[in-house]
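Next come the chains, spelled out residue by residue.
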Amino acid sequence: MKGDEKKLPPPSDIPHPHFGVLYTRNNVLTDEFLFNSINREGKSMGQNRRKHFFINKPLQIRFMLAVIIPLFLINLVALAGLYFGIWSKILETFSNEQTLNDLVTASRMVEYEQARHPDANQDFSSLSFFKQTEKLSLRQREVFKGILDETNRSLFWKFSLLLFFLAWGTIFISHKIAGPLFRFSKAFNEVEKGDYRSRVTLRKLDEGHPVAQEFNEAMEKTDRLLSNLKALTQEKDAPQAVAKIKEKLSTVQTSANV
Amino acid sequence: MFKRLTCFFLVFFLLFSLPCATLLAFEPSPEDRALLNKIEKDTLQYFTRFSDKMTGLTKDSSRAGSPSSVAATGFALAAYAIGGSRGWIAQDYAYARILTTLQTLRHKAAHEKGIFYHFLDTKTGNRVWGSEASSIDTAFAVAGALLAARYYPGTEIEKLAREIYERADWKWMMNNSDFICMGWTPESKFLPYYWDSYNELMLLVALAIGSPTFPVPPNAWERWLRPEGDYNNHKIIYASTGSLFTYQFSHAYIDFRKLDDRGINFFENSREASLANREYSMSFSGQYKGYSESSWGLSASVGPGGYRAYGGKPGGGFQDGTIAPYATLSSIVFTPEFSTKAARFFYDSYQKELYGNFGFKDAFNLDKQWWASEYLGIDQGITLLMLENYLNDELVWKKFMELPAIKKWIELTGLRTRSASIAKN
């Protein structure tokens, strides 16, 4: 076994930070460990391809809906805005009644000009019809511009409102993930400091309840094991205590199985 | 010496007393006065009905699809103030409507250097129909605002009216010429037409000279042409169209009775023009059924063939049997008896066809059996203001003549004042 032992490379050469603690304590590394370690690295770099779209189907569907529904609403508002803002007004503008009103008004506008500029009447009278047509065309351009401007303004406010809701919704949804991640992170920190009483408690609508439950069960088991080991260290009969400790640890798998 | 004295007194008598002496005093009967009051009150309803509730902008015409007119909006401001003071509409309501309208004119209505566009979108105040930034229409809007301010001194109304007036750059509208330009468009800039000859221009020039911010030179008053003409021994400084409204619009606000413009009294000029207009139409009474002693009034109005600048002589004298009752009524300060008789005649004879919820409709033509179905904002406005001057102690004149701008105009132009009272024919 001694011949299989190898000197550790300098800490900077160690690719996996999780095992750094073991190296510094034991300063030895088995071939099996190295093999497993390299094997894991190879998998994570080369073969880490997802074979299934749905890893957590309910979660992914919820997220899909969370994105699709607001986008659908935005499109709906945009289409409705375009339809009611542009097409309905264009249809209204070119209704028989409105067209007739515009024709009369165009004619009236030319007549007003003729009345106000009598000196120019001679030129105007023969070109009256063309002047009226020009006025009507001018009016139509004004109407179109007005419709487009108004629609743009209207859509701008509607989109702004929807984007606000979308941003609010995104924060709300991401909060359901960020919250659990924060609690997990806090729990891991406590474990790192040696507090195995730490548990993760999530809110009702948070994501990750199954993971939290599994984590808590694992922590409870570890906590119980360590509590038992701690209790055994207090026993007066040392050989019996060591035997019991060995028995307790016999089922525990670690990176450095000795 | 005696001859000289006789001549002097004769000339004095002719110059200052003749117009009044030749007129008979006229006091309408209680029934006629009641009718005139009813017409004024009903005419006010045009402005409450055809002004937008949100912007206050008043439609040019009661016809469907009509845009709002800034001149009609000015008349609306005056109409609300009058209606409020007469108790025909609640004071709170009148105040609110005037305030809304002034806020729109101050902050929303399209303008160029304070000169409003002639036609505006009623809902938005945007320029429509490619209309021009119009000096005369702005003058009527400003006049209405300033008059309303006189009815509500020390209020937000007065502040807004002053701001609107002070913003108007009349000097710019002169386009470095001797006269005020009629209009300006973004597309073709200044129009090739100027207010260079007598017509409704006097109010515009008065306000432009009296402006506290962008005054035009005082000699702009002297420069415009005063063409002299004659019809049936009525010597008149006349407008090219001969339309009656040209002799009335400035007089709605300005009391010209006491003003002497180098020998011309424009009040008397309008009286002569009204009489000439009446006599001109009567001269065609054998040709057109509509014309008679009590049925007259040739002025720009809608007619069977569209809007036309009908008028008398001197001037264009274009007529086709169409009579505009608004013009007849708006001469009431000049020809009270004839105008009252005509109003009674129109009302009693043609009430069904010609009179509606908002007073008299714009015009009619008996020969073609044609009756206007619409009211025009500015024609309703001039009717209301002239009736108010006649029926209610010349209140509009009294209030308007107290404006510093008008006093400044009188002072700078050297218009001499003389004592006078309203003509009684």
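Residues numbered from 1 in each chain as written. Chains lettered and ligands numbered in written order. Predicted model: local features only at pLDDT ≥ 70, side-chain atom pairs only at ≥ 80, totals over all residues.

Asks: Before we go on, may I ask you to explain the overall build of chain A in this structure?
Replies: Across its full length, chain A carries seven helices and two strands. Considering chain A as a whole, with its 258 residues, one finds that 8% of them fall into the buried category. (Helix = DSSP H or I, 4+ residues; strand = E, 2+ residues; numbered from the N terminus. Buried ≥ 20, exposed ≤ 12 C-beta atoms within 10 Å, placed from the backbone.)

Asks: How should I be thinking about the sheet that holds strand β19 (residues 370-371) of chain B in this particular structure?
Replies: Paired through backbone hydrogen bonds, the strands of a sheet run either parallel or antiparallel to each other. All names here are of chain B. Reading across the sheet, the three strands line up as β15-β18-β19 and stay open at both edges, with antiparallel pairing between neighbours. In this open sheet, the two strands that pair with only one neighbour each are β15 (322-323) and β19. Bridge count for β15 against strand β18 (residues 364-365) is two bridges, and the pairing is antiparallel. Bridge pairing in β18 links threonine 322 to asparagine 365. (Pairing = 2+ DSSP bridges.)

Asks: Is there a simple way to think about the interface of chain B and chain A in this case?
Replies: Accessible area lost when the parts come together is the quantity often used to give the size of an interface. Each side of the interface is counted separately: chain B has 17 residues, and chain A has 18 residues. Sort the elements by how many residues they give to the side of chain B that touches chain A and strand β14 (residues 306-309) of chain B lands first, with four residues. Of the residues assigned to the side of chain B that touches chain A, the class counts are seven nonpolar, eight polar and two charged. (Contact = placed C-beta atoms within 7 Å. Nonpolar A, V, L, I, M, F, W, Y, C, P; charged D, E, K, R; others polar.)

Asks: Explain the sheet that holds strand β8 (residues 189-190) of chain B to me, please; I cannot follow it from the model alone.
Replies: Residues and elements named next belong to chain B. Here three strands make up an open sheet; going across it, the order is β5-β7-β8 and the pairing antiparallel. A strand with exactly one partner marks an edge of an open sheet, and here the two such strands are β5 (133-134) and β8. When strand β7 (residues 183-185) meets β8, the two strands line up antiparallel, connected through two bridges. The partner of threonine 185 across the bridge, within β8, is lysine 189.

Asks: When you look at the nonpolar core in this model, what are you seeing that I'm missing?
Replies: Note that soluble globular proteins tend to have their nonpolar side chains buried in a common cluster. All names here are of chain B. In this structure, Ala145, Ala148 and Ile180 are the most contacted members of the largest nonpolar core, which totals 138 residues. For this core, the element with the most residues is helix α6 (residues 135-151), which contributes 12 residues. If we skip the residues at most four places from it in the chain, alanine 148 touches Leu77, Ala78, Tyr80, Ala81, Ile98, Ile157 and Ala161. (Core = buried A, V, L, I, M, F, W, Y, C linked by C-beta atoms within 7 Å.)

Asks: Help me out: how do you make sense of the packing of helix α9 (residues 202-210) of chain B against helix α17 (residues 404-413) of chain B in this one?
Replies: Packed helices, taken two at a time, are described by their axes: the angle between them and the distance between them. Residues and elements named next belong to chain B. Following both chains from N to C, one finds α9 and α17 inclined at 90 degrees, their axes separated by 8 Å at the closest point. The angle between α9 and α17 places the two elements in the roughly perpendicular class. Seen from α9, the contacting residues are Ala206, Leu207, Ile209 and Gly210; seen from α17, they are Ala405, Ile406, Lys408, Trp409, Leu412 and Thr413. Per-class residue counts for the contact of α9 with α17 are seven nonpolar, two polar and one charged. (Axes fitted to C-alpha atoms, helices over the stretch in contact; angles between N-to-C directions. Parallel < 35°, antiparallel > 145°, perpendicular 65-115°, else oblique.)

Asks: Would you take a moment to explain α9(B) for this structure?
Replies: Helical geometry note: an α-helix holds 3.6 residues per turn, so side chains three or four residues apart project in the same direction. Here α9(B) lies mainly inside the structure; nine of its nine residues are buried. Listed in full, the buried residues belonging to α9(B) are B:Met202, B:Leu203, B:Leu204, B:Val205, B:Ala206, B:Leu207, B:Ala208, B:Ile209 and B:Gly210.

Asks: Looking at this model, I keep getting lost on the confidence of the model for chain B. Mind explaining?
Replies: For residues with low pLDDT, the predicted coordinates do not support detailed interpretation. Residue and element names in this part refer to chain B. Mean pLDDT over chain B stands at 93; residues scoring 70 or higher make up 92%. Low pLDDT, under 50, characterises residues 10-24; the stretch is placed with nine contacts to residues that sit more than four places away or in other chains. Taken as a whole, residues 420-425 scores under 50 in pLDDT and shows 21 contacts with residues more than four places along the chain or in a different chain. Here the predicted complex carries an ipTM of 0.88, next to a pTM of 0.76. (pLDDT = per-residue confidence, 0-100.)

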